[in-house]
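# Per-entry structural report
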Amino acid sequence: MSQLTVALDMMGGDFGPSITVPAAAQALSLLPDLHLLLFGLEAELSPWLSRLKLDQHPRVQTCFCTQQVGNDHKAAYALRHLTDSSMRHALDALASGRAHACVSAGNTGALMVMAMKVLNTVSGVDRPALITRLPQGGGGYALLLDVGANISCDAGQLVQFALMGEQAAQRILGITAPRIALLNVGVEANKGNEAVREAGHRLSQIADLNYCGYIEGNELFIGKADVVVCDGFVGNVALKTSEGVARLLLGQRLKRGLLSKMLTFWLKKRLSHLNPDQYNGASLIGLRASVVKSHGSAGSPAFFNAILQAISEIEHDLPASIAHRFDTAPQDSHVR
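Presented here is a report on the structure given in the accompanying data block. Note that the structure is predicted; figures quoted are calculated from it, not measured. (Residues numbered from 1 in each chain as written. Predicted model: local features only at pLDDT ≥ 70, side-chain atom pairs only at ≥ 80, totals over all residues. Heavy atoms only, no water.)

With that settled, the discussion passes to helix α4 (residues 86-96). Listed in full, the buried residues belonging to α4 are S86, M87, R88, A90, L91, A93 and L94. Directly beyond the C-terminal end of α4, a positive phi value near 90° is found at G97. (Buried < 20%, exposed > 50% of the residue type's maximum accessible area, 1.4 Å probe, protein only. Helix = DSSP H or I, 4+ residues; strand = E, 2+ residues; numbered from the N terminus.)

Laid out in structure tokens, this is it:
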């Protein structure tokens, strides 16, 4: 694809245009085939566009709106009453074909509900899931889903997440037969709640799926699985805890002295691959088009990485891959 067009919700997140505009400028400077559709409130967005000289950029189209989805807005309210918001217009641009992907750092619940309304899910998928990369100690990545879109899930939805995660690992990570695991409180067959145990049984019955059983939280980063599946409550807690530990380690400062400074430098260099900003951008997979959710607290480099994640999905056509997987799954595959 010679021209990539990404729609950006410029008002989402904790900091709005002060973060999203510099990230957009960086993406445009590094990616000559990238075109951007920018959606936001004129009073807040225009000064930043002028400051970074994007107001007249040949690969930028700015669309002003009158509403913004706040972090405290209920998803149902946003869906019904915030139809002139930057989030809604960015999704509408994706649905109409004007953009190939959408990126937002806004309210997760509102983004999912709006995306389901505007884009619809792939046939066979009940609800989309947020999926993100986890660095592995031996190198490479694993994928974790759901990390916050669905607080509670039944067994059928967990099975759907596993199939979607399989396709993401094949397309994005390039793993032919990714190992699929369920995140659980133990590895024994009798551990976990009913939904997890039933999902494990169903996954073990899918012949063409490389299901490897349960995985515990302390095994998320050791390369034991390529795709780790859980509900959104468990996944979000696991992800945020991991990010907190990574930031703690990266922020450590040892005592004064040359040796201590050298050790501090070595530690940060050795652990730089754990920096959560490098993995910002959780894809809302299971939709008919690519939507990437950036952390609300993300800085400009992190939001830039979310844009890169969206471009990667465009290039790998992940929604089409997921649709094909569900179309070809046997009717008795226990997906539902």
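Let us now look at a nonpolar patch on the surface. Taken together, the side chains of I151, F233, V234 and V237 make up a nonpolar region of the molecular surface, amounting to roughly 360 Å² of accessible area. Secondary-structure assignment places V234 in helix α8 (residues 232-250). (Patch = residues over 30% accessible without salt bridge, like charges linked within 9 Å, V, L, I, M, F, W, Y side chains within 5 Å. Areas by Shrake-Rupley, 256 points an atom, 1.4 Å probe, with all protein chains shown as cover. Salt bridge = Lys/Arg side-chain N within 4 Å of Asp/Glu carboxyl O.)

Remark: helix α1 (residues 17-30) packs on helix α2 (residues 42-51), axes separated minimally by 10 Å, with the N-to-C direction vectors making an angle of 40°. Here α2 runs oblique to α1, going by the angle between their axes. Note on packing geometry: the crossing formed by α1 with α2 is right-handed. Packed against α1, whose contacting residues are P17, S18, V21 and P22, the element α2 presents E44, L45, W48 and L49 at the interface. Of the residues in the contact of α1 with α2, the class split is 6 nonpolar, 1 polar and 1 charged. (Axes fitted to C-alpha atoms, helices over the stretch in contact; angles between N-to-C directions. Parallel < 35°, antiparallel > 145°, perpendicular 65-115°, else oblique. Left-handed = near helix turned anticlockwise from the far one by under 90°. Contact = heavy atoms within 4.5 Å. Nonpolar A, V, L, I, M, F, W, Y, C, P; charged D, E, K, R; others polar.)

This part is about unusual backbone geometry. A cis geometry characterises the amide bond from L145 onward to D146, with omega recorded as 5°. When you line up the elements, D146 lands in the loop between β6 (141-145) and α6 (155-173). A positive phi angle, near 70°, is found at N120, a position not held by glycine. Topologically, N120 is positioned in the loop between α5 (108-119) and β5 (129-135). Since its relative accessible area comes to 42%, N120 is described here as partly exposed. Residues other than glycine seldom take positive phi values, yet D317 does so here, at roughly 50°.

Taken in spatial order, the 11 strands make up an open sheet running β3-β2-β1-β4-β11-β10-β5-β6-β9-β7-β8, and their pairing is mixed. The open sheet is flanked by β3 (60-65) and β8 (211-215), the only strands paired with a single partner. Across the sheet, the axes of successive neighbouring strands diverge by a mean angle of 25°, strand direction being ignored. With 2 bridges connecting them, strand β10 (residues 282-285) and strand β11 (residues 290-293) associate as antiparallel partners. Its bridge partner being in β11, S283 is matched across the sheet by V292. Those strands touched by α1 are β1 (4-9), β2 (34-41) and β3, and its axis lies near 170° from that of β2. (Pairing = 2+ DSSP bridges.)

Packing of α6 against helix α7 (residues 194-204) leaves a shortest axis separation of 8 Å and a crossing angle of 50°. With respect to α7, the axis of α6 lies oblique. The element α6 and its partner α7 pack so that their crossing is right-handed. Residue-level contacts link A155, G156, L158, V159 and A162 of α6 to A195, V196, E198, A199, R202 and L203 of α7. Taken together, the residues of the contact of α6 with α7 break down into 8 nonpolar, 1 polar and 2 charged.

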